[in-house]
Amino acid sequence: MTQTLKPSFRNPRARHDFLGRTCSITGVGSHVPERILTNAELEKMVSTTDEWITSRTGIKERHIAAADEFTSDLGAKAAVKAMKQAGVTPDQIDLIIVATITPDMPFPSTACLVQRKIGAVRAAAFDVEAACSGFIYALEIGQQFIMSRTYDTVLVIGAEKLSSIVDWEDRNTCVLFGDGAGAAILQNRPSSHGLLTVVMGADGSKSDLLFMPGGGSKCPATQQSVASRLHYLRMEGKETFKNAVQAMCTAANEALRRCEIDITRIKCIIPHQANRRIIDAVADRLGATPEQCFVNLESFGNTSAASVAIALDQATTCGRIQRGDLVLLVVFGAGLTWGAAVIEW
Ligand code: ACO
């Protein structure tokens, strides 16, 4: 039966309630490796200080995966928790989408490796690569499969072992990143509007702001490419910062506009956890209060595609988000890519 829409969500570009079909997040979960790397330890590895890292980024520590712990392991552990919360068994999963820039290997996809680890034998599986924006891209793809009635239960994961592509001799980047994974189960839940809208964007003309030169078809691994440190990520910090603030604000405003809601109605904003100063600048420009923003980067650093997924799990677990609340996710990453999503929790 077709559900009655709240008047404020009648905008046709807010995708919800399509012939009684909605797409909700029915379970979330996250997992980070046990090992914690503190700013004090980084002081012994590169020329940096806790004071510099804290004042420039807000990051105090990050989790680092063990040598025998891979992106698929982190993703599978987060997935098991999300499935438990949703009350879903592995054989009910129709599709697994993993967003990552640090797959276990170029192929097969990390999603296939997760499928084996969690025993989701019925599921189709593939990866999505949109850097730090990956989780929102994956949410939108998953939502499309639910709304088109192709699938009933989609597992979306953001998982990264960024420590495997960080140059531990480059102080400009090595202090910023961490490892971890977050997962969400998407299902049709007629009692809620769920995902109200998802905005995605990209600008490939700025792909050189944040990239990893080696390891692809352009520059396969050779002794020389390894010696030249081409298999590590590189970033133009200042330009990335400026573009991040602008793109996140544009995406968030577009998502709010599509849903015809004001920022004051958002209970919790979950921004990509890259830098405290980026989050503050975005909140300020959106007219949001600091209390509306959920921030956990002091403990995890930037975990790229896992960032908002981990934060979403934490925000729900600690009670910052209750059923019925309006939540705004907003992300930015290499590509450049960006995105925003409004969810009725
Ligand atoms: N410790 C001490 N000094 C440092 C460090 C460090 N860890 N890193 C850089 N510095 C130095 C620089 O070398 C520079 O020195 P110089 O002036 O002698 O050359 C000085 O500090 C100032 O550097 P700035 O670039 O001005 O520092 P800034 O204030 O811009 O902060 C930062 C740098 C934190 C990287 C910031 O630019 C930033 O957060 N950028 C955005 C990162 C981001 O959002 N990434 C998101 C996408 S990530 C993804 O998609 C995977």
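Heads up: these notes are all about the structure in this document. Since the model is a prediction, treat every value here as computed from it, not as a measurement.

About the thresholds
- Sequence positions are assigned chain by chain, starting from 1 and proceeding in written order.
- Side-chain atom pairs in this predicted model are given and counted only at pLDDT of 80 or more, local residue features only at pLDDT of at least 70, and totals for whole chains, interfaces and linings cover all residues.
- Side-chain numbers here rest on the full set of heavy atoms in the structure, without hydrogens or water.
- In these notes, a set of buried Ala, Val, Leu, Ile, Met, Phe, Trp, Tyr and Cys residues joined through side-chain atoms within 4.5 Å is what counts as a nonpolar core.
- When a residue's accessible area, from a 1.4 Å probe over protein chains only, is under 20% of the maximum for its type it is buried; when over 50% it is exposed; and in between it is partly exposed.
- Each helix is a run of H or I in the DSSP string that is no shorter than four residues. Each strand is a run of E no shorter than two, and both are numbered from the N terminus.
- The contact criterion used is simple: two residues touch if any of their non-hydrogen atoms lie within 4.5 Å.
- One requirement defines pairing of two strands: DSSP has to find at least two bridges between them.
- Between the N-to-C directions of two axes lies an angle of 0 to 180 degrees, each axis being a line fitted to C-alpha atoms and, for a helix, fitted only over the stretch in contact.

Side note on the nonpolar core
Counting residues in each nonpolar core, the largest one holds 52 residues, and the members touching the most others are Ile-263, Ile-266, Ile-269, Leu-328 and Val-342. Where this core is concerned, the elements lending two or more residues are strand S8 (194-202), helix H8 (237-259), helix H9 (276-286), strand S12 (326-333) and strand S13 (337-344). Sorting elements by how many residues they give to this core places H8 first, with ten residues. For Leu-328, the contacting residues outside a window of four places in its chain are Ala-252, Ile-263, Ile-266, Cys-268, Ile-269, Ile-270, Leu-286, Ala-340, Ala-341 and Val-342. Membership of the second largest hydrophobic core comes to 37 residues, among which are Ile-25, Ala-99, Val-154 and Leu-186.

Quick look at unusual backbone geometry
Omega for the peptide link from Phe-107 to Pro-108 comes to 0°, which places this bond in the cis form. Looking at the secondary structure, you find Pro-108 in the loop between strand S4 (95-99) and helix H4 (110-118). A cis amide bond links Gly-335 to the next residue, Leu-336, at an omega of -5°. Among the secondary structure elements, Leu-336 is positioned in the loop between S12 and S13. The backbone of Ala-131 sits at a positive phi, close to 50°, despite the residue not being glycine. Positionally, Ala-131 belongs in the loop between strand S5 (124-128) and helix H5 (134-147).

Quick word on the sheet that holds strand S11 (residues 268-271)
Across the sheet, which stays open at both edges, the four strands sit in the order S8-S13-S12-S11 with mixed pairing between neighbours. At either end of the open sheet lies a strand with only one pairing partner, and these are S8 and S11. Each strand axis lies, on average, 10° off the axis of its neighbour in the sheet, ignoring direction. Those strands touched by H5 are S8, S12 and S13, and its axis lies near 125° from that of S8.

Note that all results are geometric; they support no functional claim without further evidence.
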